Each structure stands twice: as structure tokens, then as C-alpha cells.
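# Tertiary structure, described
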Amino acid sequence: MMVDPNKPAAVTSESRALFIGSAAFLVLGGLALLLTGREPVPLSGRGSVGDIAAIGTAVVGAGAVVAGCLQRRPAVTPEARGGGRIRTSIDIAALALAHACIFLLGWLALFSLFQQAFIGAVVYPFAAAVLVGTTGAISAYIAYLSALSMTAYRLAALLAGFLVTGLLTSMLTAENPLWWQENLSALGMSSDVSGVAFNFTLIVAGVVISTLAGYATATLAATAKSLAALHRVRLLEGGIALIGVFLACVGLFPVDERFGLHTLVASGMVVIFASLIVRIRTLVPSVSATFAALGWLFLAVIVVAAVLWFPVGYYNLTAVELIAASLIFAWLIILIRNLAAADADQLEANPPGRPLPPPAEPAARPVSATDSAATEP
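Residues numbered from 1 in each chain as written. Predicted model: local features only at pLDDT ≥ 70, side-chain atom pairs only at ≥ 80, totals over all residues. Heavy atoms only, no water.

On a plain count of helices and strands, the chain comes out with 12 helices and two strands. Of all 377 residues assigned to the chain, the portion counted as buried reaches 42%. For the chain, restricting intrachain contacts to residue pairs at least 6 apart in sequence, the fraction spanning at least 24 positions comes to 78%. Approximately 20000 Å² of the chain is accessible, and the part contributed by carbon and sulfur atoms is 70%. (Helix = DSSP H or I, 4+ residues; strand = E, 2+ residues; numbered from the N terminus. Buried < 20%, exposed > 50% of the residue type's maximum accessible area, 1.4 Å probe, protein only. Contact = heavy atoms within 4.5 Å. Areas by Shrake-Rupley, 256 points an atom, 1.4 Å probe, with all protein chains shown as cover.)

Structure representation (C-alpha cells):
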């Protein structure tokens, strides 16, 4: 059985992950003990155990991701991907930021649920320190191992988990319980936790999608056999990255402050998505016909949903936005997995270390009568 040279030994990886988790437990536990003082603190809210745990795990989680990325050599060289060290640094920063936001929003939401389950409950300083330290240890341990074994598959799953965590946190903390009667972007109109969580989720998700574009097309670009094929790969990478840029701009320009720009970038994201669906078999000939048909089905559902909103008026704009956003992100995640599957098939057919077949020798040309005459004295 071949061992992946890009990964350290499994036992060594687990040992390092346990060390990083233990260090995070001590650091965050001690910090929580200092911040809580001698008075009991609530599970959720300002100055609570949840706030300390969320912010602390975001910091130690990001640090653990950087450590894991530095321990692992990329499967595809930076030169093949383009951008060199700058591109690699951006990718590491995006991964660290995505993990940090997942821990931040996830622990905030979890402690908020705990507070609702234990109404009026408070935590004493020593218990708070143990609780915060435990969250830090879990987060650092997971983050290190996640970065160490990061692939396109895992990055797609990370994106899905991050989007769900961020949007649910925004919905659960929304001050206006009837936000859904307006539109999905109404979650980002407030300056409270809900608005910050919604807009920040979109910005970070846009950065992660742009990072996904590089991961997903790295092998395609490295194995392109012609300039035309490389150009098609770059078009696909650019389309995915542009969706990420537009998504980040949706969060940067809240609908109540920049209505024109917000609507423009949101519409542009749908246009790029539709253009990729139309051209996917041209851009990536190896993609399956089933996946191409699925893209057309998704696009048809979005069109039908838009028509049911206007002019039929069957439901409101929020339903259309949820349907469109869900299908766009689902298609992107499935696209990443299909490209990763194509890469895996290619690596299986040509595993690293297998010698290339020798070039075929040219066939001997039959000797003609003219050649025989030319050789005679």
C-alpha cells in the first residue's frame, strides 16, 4: 500500500493534534479564569462563558489551521496552480478564517441554546474555566487535523457547514422574528449579532469559494495538454471565483444601505451560475452527463420559483432567495466533488512514482527499389 508523502505519519499527526488541543485547553482555561473573576457568569450574553469560548476558540482554531497547513505539503505545486507563495498564503488565510468563523458562530449558537435550556443558570469561575478550556481543546484538535488533511472534498464540506452555521446563527439571533416576510437580505440590515453574523458569513463564504476555485481546478490546470484546454480551465476557475466575489459583495453592501449594488451583485451571481451551467460540458469535457443535466434542472427550478413569486405571487421573495441560494451552493459543492472525483480517477490511472511508458519506436520503413538503387555503387 502506498503512503501519501504529503501527510505526516498518522500517529505523529494525532500526537501533535493532542498537544495543540492540550495547549489550547490551558491557555483558554487560564484566560477564562482571569476574565470571570470571582463572580458567576451566565452561559450566553455579553461577558458570558459563551462569548469567551466563541472568541477564544476562533483564535486558537485559526492558529491550529495555520500550523496544520504548514505541516502539510500541497499535493499540487504552487507553480502549477499559479500565484506561488502569495496564492498559498491567501489559501491558508481563507482556511483559517473559515474555521475561526465556524467556531465563533457555532459556539455562540450552542451556548445560546444551553442558556434557553437552563433558564437563569450561571456558571462559577472554576467550572467556567474548565468549560471554556474544553471548547478550546476540541476546536484546536479538530482544526489542526482538518487543515492537515484538507482536500477539495473536505473544503466543500467545510463551506456547507460554515454556511449552515452562519445562517442559522443569524436567524436564531434575529431581533425581528418576522424578518422572513421581507427578504433573506433583511437579516443583514441590523447592526446586532444577527446582522453581523449574516453579513460576515457571506463575506467569508465568498472568500472560501474563491479558494475552492483554486483547489478544484488545480489538477485540471496542471494536466492541461494544450493552451486551449488551459484557457477553459482558467475560465471555470474565474467563474467560480467570481461567484465568490459577488457573494462577498452581497455581505459588504447591505440591502438597506446600498440597495443598487446589493441587487447588482446578487443578480450577477445568478448570471455567472447560469453561464457555468450552460458551458460546463465545454469547459470540463470529463464531467458526467448526469451532473450537466442536474445543473439544467437546478436552473429550471430557480426560474419556476422566480415566476411563482412574480408575477404569480404564490409566495414572497424570501422563498425565492432561499431556493436560489440553496441550489447555487449545492451545485457548487457537487461540482467540486465531481472535479475531485475526476482528479482521483486520473491519479489512480497514473499514480505518483509509476514510470512513464517508453516512447514508441518508429516503424521501419520498407526499402524501396529506388533506395536499393541508390545504395548500389
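Our next topic: the nonpolar core. Formed by 94 residues in total, the largest nonpolar core has its most connected members in Leu 236, Phe 273 and Trp 331. For this core, the element with the highest residue contribution is helix H7 (residues 193–222), accounting for 12 residues. Once residues lying within four places of it in the same chain are set aside, the contact partners of Leu 236 are Thr 217, Leu 276, Ile 280, Leu 283, Val 284, Leu 335 and Leu 339. (Core = buried A, V, L, I, M, F, W, Y, C linked by side-chain atoms within 4.5 Å.)

This paragraph deals with a nonpolar patch on the surface. A contiguous nonpolar patch, built from Leu 110, Leu 113, Phe 114, Phe 118, Val 164, Leu 168 and Leu 172 and spanning about 650 Å² of accessible area, is present on the exposed surface. At the level of elements, helix H4 (84–117) and helix H6 (152–172) are the ones that each hand at least two residues to the nonpolar patch. With respect to the element layout, Leu 113 can be found in helix H4. (Patch = residues over 30% accessible without salt bridge, like charges linked within 9 Å, V, L, I, M, F, W, Y side chains within 5 Å. Salt bridge = Lys/Arg side-chain N within 4 Å of Asp/Glu carboxyl O.)

On to the layout of surface pockets. A water-sized probe rolled over the atoms picks out the places where empty space is left. When its volume is computed, the second largest pocket comes out at roughly 730 Å³. If you trace the second largest pocket, you find 28 residues lining it, with Ala 266, Ser 267, Val 270, Leu 317 and Glu 321 closest to the centre. In terms of residue count, helix H9 (residues 259–283) provides more of the lining of the second largest pocket than any other element does, eight residues in total. Its residues assigned to classes, the lining of the second largest pocket comprises 22 nonpolar, five polar and one charged. (1 Å grid on protein atoms, 1.4 Å probe; cavity = no way out; pocket = protein on both sides within 12 Å on 5 of 7 lines; lining within 4 Å. Points joined across faces, edges and corners; volume = space filled by probe spheres on them. Nonpolar A, V, L, I, M, F, W, Y, C, P; charged D, E, K, R; others polar.)

When two helices pack together, their arrangement is given by the angle between their axes and by how far apart the axes lie. Where H7 meets helix H8 (residues 227–252), the closest approach of the two axes is 6 Å, and the angle between their N-to-C directions is 175 degrees. The angle between the axes of H7 and H8 places the two elements in the roughly antiparallel class. Residue classes in the contact of H7 with H8 are distributed as 17 nonpolar, seven polar and two charged. (Axes fitted to C-alpha atoms, helices over the stretch in contact; angles between N-to-C directions. Parallel < 35°, antiparallel > 145°, perpendicular 65-115°, else oblique.)

Another point: helix H10 (residues 289–309). If you check H10, its first and last C-alpha atoms are 31 Å apart, about what 21 residues at 1.5 Å a residue would give, namely 30 Å. When we look at burial in H10, the residues that qualify are Phe 291, Ala 292, Gly 295, Phe 298, Leu 299, Ile 302 and Ala 305. For H10, the angular spread of buried residues about the axis comes to 145 degrees, placing them on one side. (Expected span 1.5 Å × (residues − 1). Arc of directions from axis to C-beta.)

Let us look at the environment of Gln 115. As for its position among the elements, Gln 115 is in helix H4. Judged by its relative accessible area of 16%, Gln 115 falls in the buried class. As for Gln 115 and Gly 45, which are separated by 70 residues in sequence, their C-alpha atoms are 8.9 Å apart. With residues near it in sequence (within four places) discarded, Gln 115 still touches Pro 42, Leu 43, Ser 44, Gly 120 and Ala 121. Reaching out from Gln 115, the side chain makes a polar contact with the backbone nitrogen of Ser 44 at a distance of 3.1 Å. (Polar contact = N/O pair within 3.5 Å; in protein donor to acceptor, adjacent residues only side chain to side chain.)

Trans is the prevailing form of peptide bonds, just as negative phi is the prevailing case for residues other than glycine. Here the residue pair Phe 310 and Pro 311 is connected by a cis peptide bond, since its omega of 15 degrees sits within 30 degrees of zero. Tracing the chain through its elements places Pro 311 in the loop between H10 and helix H11 (317–349).

Let us look at the packing of H9 against H10. Put simply, H9 and H10 touch, their axes get as near as 9 Å, and they point 155 degrees apart. Here H9 is positioned roughly antiparallel relative to H10, judged by the angle of their axes. For the pair H9 and H10, the crossing hand works out as left-handed. Listed contacts from H10 to Phe 273, Ala 274, Ile 277, Val 278, Ile 280 and Arg 281 of H9 are Ala 289, Phe 291, Ala 292, Gly 295, Trp 296, Phe 298, Leu 299 and Ile 302. Residue composition of the contact of H9 with H10, grouped by class: 12 nonpolar, one polar and one charged. (Left-handed = near helix turned anticlockwise from the far one by under 90°.)

Take the confidence of the model for the chain next. The predicted coordinates of low-pLDDT regions are not to be read in fine detail. Taken residue by residue, the chain gives an average pLDDT of 84. The fraction at 70 or more is 86%. In the predicted structure, residues 75–81 sits below a pLDDT of 50 and forms 17 contacts with residues beyond four places in sequence or in another chain. Throughout residues 366–377 the model reports pLDDT below 50, and contacts reaching past four residues in sequence, or to other chains, amount to three contacts. (pLDDT = per-residue confidence, 0-100.)

Turning our attention to the side chain of Ser 139. As for its position among the elements, Ser 139 is in helix H5 (residues 125–148). Among residues more than four places away in sequence, those in contact with Ser 139 are Thr 57, Phe 103 and Trp 107.

This paragraph deals with the packing of aromatic side chains. Working definition: an aromatic ring pair is given by the centre-to-centre distance plus the angle between the planes. By the definition in use, this model includes six aromatic pairs. Pairing Trp 107 with Phe 111 gives two aromatic rings, centres 6.2 Å apart and planes at 45 degrees, and the pair type is tilted. Of the two residues, Trp 107 and Phe 111 are both situated in helix H4; the distance of four residues between them amounts to about one turn of the helix. According to the relative accessible area criterion, Trp 107 is buried, its value standing at 15%. Phe 111 gets classed as buried once you look at its relative accessible area, which sits at 2%. Relative to Trp 331, the ring of Phe 291 lies with its centre 5.5 Å away and its plane at 20 degrees, an arrangement referred to as stacked. Pair noted here: Phe 291 is in helix H10 and Trp 331 is in helix H11, with a separation of 40 residues, a long-range link. Given the relative accessible area of 4%, Phe 291 is considered buried. Note on Trp 331: relative accessible area 1%, which makes it buried. (Phe/Tyr/Trp six-rings, centres within 6.5 Å; stacked < 30°, edge-to-face > 60°.)

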